[in-house]
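Coordinates in review
In case you want the letters, here they are:
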Amino acid sequence: MPKYCIAFLVSVLCSSALAENDKPWTIYSNADFFAYSAPVSIDQFASDFNDDLESGDTAFTHDRFEIGGKWRGFRLGYVHRFDYVTEFTDDTALYHHSEKNNIPLAQNRRYDLLLDVERVEAKGFEVGYEWNFYKGMTVDVSYSYYTDLSELQSGSAAVLGDLTPFTDQFKADANAILDTISLTNRDLSPLLTLAQNVEANLAIDYAYNEPKFREPQYREPVITGAQNPVISGVSFAEPSGTGYSVDIGFNWQINDQLNVNLELIDIANEFNWDNAPRTITTFDLNAFLIDAINLAQNLVDGQIVQPNDLIDDHINVQIFNEDFDQELESRYDLEVNYDTNYEVELFGWSPSVGLSAGYYKTDTEDFPRIGINLDRMLFLGYDIGGEAISLGYEGKYGFLRVVSDDFGFKDARTFGIVAGLNYSF
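Residues numbered from 1 in each chain as written. Predicted model: local features only at pLDDT ≥ 70, side-chain atom pairs only at ≥ 80, totals over all residues. Heavy atoms only, no water.

**Notes on the packing of aromatic side chains**
This is how the line gets drawn: Ring pairs are drawn from Phe, Tyr and Trp, using the six-membered ring of Trp, whenever the two centres fall within 6.5 Å, and their geometry is named by plane angle: stacked under 30 degrees, edge-to-face over 60, tilted for the rest. By definition, being over a ring means that NZ of Lys or CZ of Arg is both within 6 Å of the ring centre and within 35 degrees of the ring normal.
Going through the model one piece at a time under the given rule, you end up with 25 aromatic pairs. Relative to Phe 49, the ring of Phe 45 lies with its centre 5.6 Å away and its plane at 45 degrees, an arrangement referred to as tilted. Three or more aromatic residues link up through ring pairs in this structure, and these residues are Trp 25, Trp 71, Phe 74, Tyr 129, Tyr 423 and Phe 425. The ring of Phe 379 is capped by Arg 401, whose NZ or CZ atom sits 3.9 Å from the centre of that ring.

**Re helix α3 (residues 90-100)**
The condition that has to hold: A 1.4 Å probe rolled over the protein chains alone gives each residue an accessible area, and that area as a share of the maximum for its type sets the label: buried under 20%, exposed over 50%, partly exposed in between. Segments assigned H or I by DSSP are reported as helices when at least four residues long, segments assigned E as strands when at least two residues long, and all are numbered from the N terminus. Residue contacts follow a heavy-atom distance rule, with two residues in contact if any of their heavy atoms lie within 4.5 Å.
Every buried residue belonging to α3 is among Asp 91, Thr 92, Ala 93, His 97 and Ser 98, and all of these are buried. Next to the buried residues of α3 lie β3 (74-88) and β4 (111-134). In the stretch just after α3, Asn 102 is the one whose phi turns positive, near 55 degrees.

**Regarding the pattern of salt bridges**
Formally: A carboxyl oxygen of Asp or Glu within 4 Å of a side-chain nitrogen of Lys or Arg is what we treat as a salt bridge.
What the rule picks out here adds up to 18 salt bridges. Between Arg 64 and Glu 66 there is a salt bridge; the shortest N-O distance is 3.3 Å. For the residue pair Arg 64 and Glu 66, the accessibility class agrees, reading buried in each case. The residue Asp 91 makes a salt bridge to Arg 109 at a minimum N-O spacing of 2.7 Å. Pair noted here: Asp 91 is in helix α3 and Arg 109 is in the loop between α3 and β4, with a separation of 18 residues, a long-range link. Each of Arg 64, Glu 66, Arg 75, Glu 126 and Asp 140 takes part in a single network of salt bridges with overlapping partners.

**A closer look at the pairing of strand β11 (residues 352-361)**
Here is the rule we go by: A pair of strands counts as paired when DSSP detects no fewer than two bridges linking them.
Here 10 bridges tie strand β10 (residues 331-343) to β11, and the two strands are oriented antiparallel to one another. Considered in β11, the bridge of Asp 333 is made with Tyr 360. Bridge count between β11 and strand β12 (residues 366-374): 9 bridges; the pairing is antiparallel. Its bridge partner lying in β12, Ala 357 is registered against Ile 370. Counting the residues between successive antiparallel strands, the hairpin from β11 to β12 contains 4 residues.

**Some remarks on the environment of Thr 184**
Our working rule: Pairs of N or O atoms within 3.5 Å make up the polar contacts considered here, provided that, within protein, one atom can donate a hydrogen while the other can accept it, and that residues adjacent in sequence are counted only when both atoms are side-chain atoms.
Here Thr 184 is to be found in the loop between α4 (168-178) and α5 (189-195). When its relative accessible area of 79% is taken as the criterion, Thr 184 is described as exposed. Among the polar contacts listed, one links the side chain of Thr 184 to the side chain of Ser 182, at a separation of 3.1 Å.

**Notes on the confidence of the model for the protein chain**
Going by this rule: pLDDT measures how confident the predictor is about each residue, on a scale from 0 to 100.
Per-residue pLDDT for the protein chain averages 91, and the proportion of residues at 70 or more is 95%. In this model, residues 1-21 is a region of pLDDT below 50 whose contacts with residues beyond four sequence positions or in other chains number 32 contacts.

Written out as structure tokens, the structure reads:
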């Protein structure tokens, strides 16, 4: 965030003189930050989850800063963006909130834990062109090429079933069955019936800039025999790479009163990582237990068994490096403005009243919104999806809009700021 602020202040200094519409060269800067968190405040989602927990299955931020120049419809600029999108189940939020705040979890129920994440930070250059396609209609196409990628996280981790599968009752029932085993009774089949009620499945598949599950210390497990060495041959260094994205904007001034603006964001994109670390893991406890009981049955029946085969058959862990391609879901932002030609009197000012409606669609959440504007300069709106108030100003030399559901900011679950300045010469 400090780097964004410094660059934005530099652009403000570059924009200190007045711009004129008929001048072909323009230096511009745009900053667009928008964050949303459903279960807790944005601040606490990024830290300790020490907040009242609400239902919800997503949190994300899309942040972008650019500065550059325009000439007769052409645009060239520097771009720095950060995107973080995560989806999860209500159980995942509950589990994380309970762990962070030392709240006991109910153990007599199944949990469906899922965390799906896409994260990337990218720096590069943008080229764009605004085309007067038709009378009153313009099309703006931009292509961004990213020469520097960092902060990779792409994939998911999931656990389905019991958090504590081996309860005290399970252990007591198992011991009672084992107490009946003797030279005349070698039947372990009652354990199979008991094991049918145990369910816990683990599935992990993600590429990353730093390991999250102690991968550098991972040893292939064994039941008997010497311990395996720590995994080797995998580089856990943060990967780098290049990428691109394409945005398309449409603006149509249908008549003097009605304007429609549509932005298609990341309509095409890809981030190519070189030699990225990746982990794939699967484990089914129920299947493991059933095979373990059958193996124990063979053992008490006097057969030769190989316990380590259980590990090979059921615990599948792959940790490796590969060139990895990441893609973000596209978004769109639609806004319709209508000038009513109705004027109001405000302290000697007689602005025209305009109405607006919009719809911002992301991969995980939708944000319909409504608002009014005065002389297309001052804006007051309500974001229905984020349950947030929006305030804005648009002038000849720049614009600013802030949206938040709590202007204490630290308690906000929806927060965004869009600002821009320009200098023409």
